[in-house]
Amino acid sequence: MSLKRNVSLATGLRYKGQGPMLTFVLHRIGGLGMAIFVTVHILASFLGGELGVFLNTVYENWLFQIFVFFCALFHAINGLRITILDLFPKLLEHSREAIWIEWAVFVPVFGIAVLVIVQSALGG
Amino acid sequence: MQVTLKVFRYNPEVDKRFRYETYTIEAEETDRILDLLEYVKGYKDGTLSFRRSCAHGVCGSDAMRINGRNMLACKTLVRDVGDRITVEPLLGLKVAKDLIVDMEPFFDNYKKVLPYFINESPLPENGRERLQSPEQRARFDETTKCILCAACTTSCPSFWASDQYYGPAALVTAHRFIFDSRDEAASERMHIIAETDGLARCHTAYNCTLACPREIPITKAIGELKLATITGKVE
């Protein structure tokens with residue numbers, strides 16, 4: 001008898017795949033985050049009433065907006081990187097540099113967006 | 001220096017679930033992880049089980065997770081991983097005992113890509129080699145280096161999710177034959193790897209390339225296969 005094949009989410013996340021693994025995980029979180037946003041958005045419109053209003057307050061909350069923007073932006077930029085590398089496999093020799101470029105684009109864009117969201121949320 | 005070696009243990013005849021055992025060992029910085037495991041087996045606990053054969057990075061028997069990453073125990077030095085070392089079996093395959101995993105699903109996937117030379121044409125008139133230019137040979141040189149250690153396949157999140165996925169090692173082998181100018185079954189292999197459990201499950205996570213002890217650019221090879229199956233051109 002042998003141990004069952006069992007790779008739990010926690011076990012998988014503990015694998016030390018360095019930078020590429022981090023982008024892989026964040027890409028999945030990004031996709032899931034956007035799916036949650038769309039679901040909440042549809043449910044809020046569909047259900048209406050007190051529950052609808054409550055769901056509205058959830059996805060209109062500025063913290064949730066930062067989370068959703070993170071998900072959408074990272075998913076888009078990382079998806080673009082993967083698409084380019086898939087179309088031009090020779091560039092995979094520079095995969096590490098591609099990830100650095102991805103972060104170099106993501107961080108300032110996300111930072112500015114967070115600044116604007118926080119300013120408008122706290123500044124009124 | 002003193003090294004703390006934490007080892008994944010599972011004895012199917014006694015244990016219901018796995019456990020870890022920690023050993024403190026006197027070691028040199030230049031000792032390999034395989035040396036530490038041999039020491040534990042020889043002097044501390046003879047029941048410890050792990051695979052090893054050539055012990056020189058050629059046979060690929062001793063691939064395992066060392067401090068959370070797939071590596072060959074015979075190619076990894078203590079100084080590469082520090083003095084607190086955790087050794088675990090490869091992910092995504094059933095554990096038979098301690099660090100030994102059941103490699104059958106891995107080899108089943110390997111067989112799917114027809115991992116052998118196919119050429120039904122008659123031999124050249126002199127009855128000797130089917131010649132190819134150095135450029136033609138160089139086209140698939142990198143993917144000939146695979147030692148089937150499974151470090152790549154078991155580092156792949158897609159394989160963790162489903163062992164039906166052929167995995168990077170099988171795809172590397174497909175690359176090795178598809179881009180070989182002497183082989184005549186490229187289209188058949190391309191058809192096979194274009195199945196749902198083939199190329200489509202590669203999400204360019206890149207773990208395979210980082211895990212490969214032979215430094216094969218696996219993701220690049222898979223990328224070339226993706227492009228070849230889309231365009232239908234083997235160039």
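Model, not experiment: these values are computed from the prediction.

Digging into the overall build of chain B
Phase 1: Within chain B, the secondary structure is distributed over 9 helices and 7 strands.
Phase 2: Principal-axis analysis of the C-alpha atoms places the extent of chain B at approximately 60 × 35 × 30 Å.
Phase 3: Here chain B, with 235 residues, has 44% of them falling under the buried criterion.
Phase 4: Across chain B, the fraction of contacts at a sequence separation of at least 24, relative to all contacts at a separation of at least 6, is 65%.

Observations concerning the interface of chain B and chain A
Phase 1: Taken together, the contacts link 29 residues of chain B with 23 residues of chain A.
Phase 2: Mapped by element, the contributors of at least two residues to the side of chain B that touches chain A are strand S6 (95-97), helix H5 (157-161), helix H8 (207-211) and helix H9 (218-231) of chain B.
Phase 3: Residue contributions to the side of chain B that touches chain A peak at 6 residues, all from H9(B).
Phase 4: Along the lines of polarity and charge, the residues of the side of chain B that touches chain A split into 14 nonpolar, 8 polar and 7 charged.

Side note on helix H2 (residues 18-47) of chain A
Phase 1: Between its first and last C-alpha atoms H2(A) spans 43 Å; for 30 residues at 1.5 Å apiece the expected length is 44 Å, and the two agree.
Phase 2: Of the positions making up H2(A), those classed as buried are Pro20(A), Met21(A), Thr23(A), His27(A), Gly30(A) and Gly33(A).
Phase 3: Each element contacted by the buried residues of H2(A) is listed here: helix H4 (62-87) and helix H5 (95-123) of chain A together with H8 of chain B.
Phase 4: Positive backbone phi, at 65°, marks Gly48(A), one or two positions downstream of H2(A).

Concerning the confidence of the model for chain B
Phase 1: Per-chain confidence: chain B averages 95 in pLDDT, with 100% of residues scoring 70 or above.
Phase 2: Taken together, the chains of this predicted complex give a pTM of 0.90 and an interface ipTM of 0.86.

Re the domain arrangement of chain B
How big an interface is tends to be reported as the loss of accessible area on association of its parts.
Residues and elements named next belong to chain B.
Phase 1: The domains assigned to chain B are domain 1 (2-101) and domain 2 (104-231).
Phase 2: Every contact between the two is made by 14 residues of domain 1 and, on the other side, 14 residues of domain 2.
Phase 3: At 4 residues, the largest contribution of residues to the side of domain 1 that touches domain 2 is made by strand S4 (residues 69-72).
Phase 4: Its residues assigned to classes, the side of domain 1 that touches domain 2 comprises 8 nonpolar, 4 polar and 2 charged.

Focus: the nonpolar core
Residue and element names in this part refer to chain B.
Phase 1: Ala150, Leu171 and Leu225 are the most contacted members of the largest nonpolar core, which has 67 residues in total.
Phase 2: Here the element with the most residues in this core is helix H6 (residues 168-178); it accounts for 7 residues.
Phase 3: Beyond its immediate stretch of four places on either side in the chain, leucine 225 contacts Leu171, Ala174, His175, Ile178, Ile193 and Leu199.

Quick look at unusual backbone geometry
Backbone phi values are negative for most residues with the exception of glycine, while trans is the configuration of most peptide bonds.
Phase 1: The phi torsion at Gln18(A) lies on the positive side, around 65°, for a residue other than glycine.
Phase 2: Mapped onto the secondary structure, Gln18(A) falls in helix H2.
Phase 3: The phi angle at Asn67(B) is positive, at roughly 50°, despite the residue not being glycine.
Phase 4: Structurally, Asn67(B) is set in the loop between strand S3 (63-66) and S4.
Phase 5: The exposure class assigned to Asn67(B) is partly exposed, which follows from the 17 C-beta atoms found within 10 Å.

Observations concerning the pairing of S3(B)
Residue and element names in this part refer to chain B.
Phase 1: Note: S3 against S4, 4 bridges, orientation antiparallel. The residue of S4 that forms the bridge with isoleucine 66 is arginine 69.
Phase 2: Linking S3 back to S4 in an antiparallel pair, the connection comprises 2 residues, with asparagine 67 at a positive phi of about 50°.

Regarding the sheet that holds strand S1 (residues 2-9) of chain B
All names here are of chain B.
Phase 1: Strands sit in the order S2-S1-S5-S3-S4 across an open sheet of 5 strands; the sheet is mixed. Each edge of the sheet is formed by a strand with only one pairing partner; in this case those strands are strand S2 (19-26) and S4. On average, each strand axis in the sheet is tilted by 35° relative to the strand beside it, whichever way the strands run.

Section: the packing of H6(B) against H9(B)
All names here are of chain B.
Phase 1: It is the contact of H6 with H9, at a shortest axis distance of 9 Å, that shows an interaxial angle of 60°. By the criterion of interaxial angle, the relationship of H6 to H9 is oblique. For H6 against H9, the interelement crossing comes out left-handed. When H6 is examined against H9, the residues Pro168, Leu171, Val172, Ala174, His175 and Ile178 are found in contact with a partner set consisting of Ile218, Ala221, Ile222, Glu224, Leu225 and Ala228.
Phase 2: Of the residues belonging to the contact of H6 with H9, the class tally is 10 nonpolar, 1 polar and 1 charged.

Quick notes on the packing of H6(B) against helix H7 (residues 186-193) of chain B
Residue and element names in this part refer to chain B.
Phase 1: Orientation of H6 relative to H7, taken along the N-to-C sense of each, is 160°, at an axis distance of 9 Å. In terms of their interaxial angle, H6 and H7 are classed as roughly antiparallel. You can see that H6 and H7 cross each other, and the crossing is left-handed. Contact residues: H6 offers Leu171, Ala174, Phe177 and Ile178, while H7 offers Ala186, Arg189, Met190 and Ile193.
Phase 2: Residues of the contact of H6 with H7, tallied by class, amount to 7 nonpolar, no polar and 1 charged.

Some points on the confidence of the model for chain A
Phase 1: Taken as a whole, chain A shows an average pLDDT of 91; of its residues, 98% reach a score of 70 or greater.
Phase 2: The weakest mean pLDDT in chain A belongs to helix H3 (residues 49-60) of chain A at 86; the strongest belongs to H4(A) at 94.

Rules behind the numbers
Residues numbered from 1 in each chain as written. Chains lettered and ligands numbered in written order. Predicted model: local features only at pLDDT ≥ 70, side-chain atom pairs only at ≥ 80, totals over all residues. Helix = DSSP H or I, 4+ residues; strand = E, 2+ residues; numbered from the N terminus. Buried ≥ 20, exposed ≤ 12 C-beta atoms within 10 Å, placed from the backbone. Contact = placed C-beta atoms within 7 Å. Nonpolar A, V, L, I, M, F, W, Y, C, P; charged D, E, K, R; others polar. Expected span 1.5 Å × (residues − 1). pLDDT = per-residue confidence, 0-100. Domains from an automatic or database assignment. Core = buried A, V, L, I, M, F, W, Y, C linked by C-beta atoms within 7 Å. Pairing = 2+ DSSP bridges. Axes fitted to C-alpha atoms, helices over the stretch in contact; angles between N-to-C directions. Parallel < 35°, antiparallel > 145°, perpendicular 65-115°, else oblique. Left-handed = near helix turned anticlockwise from the far one by under 90°.

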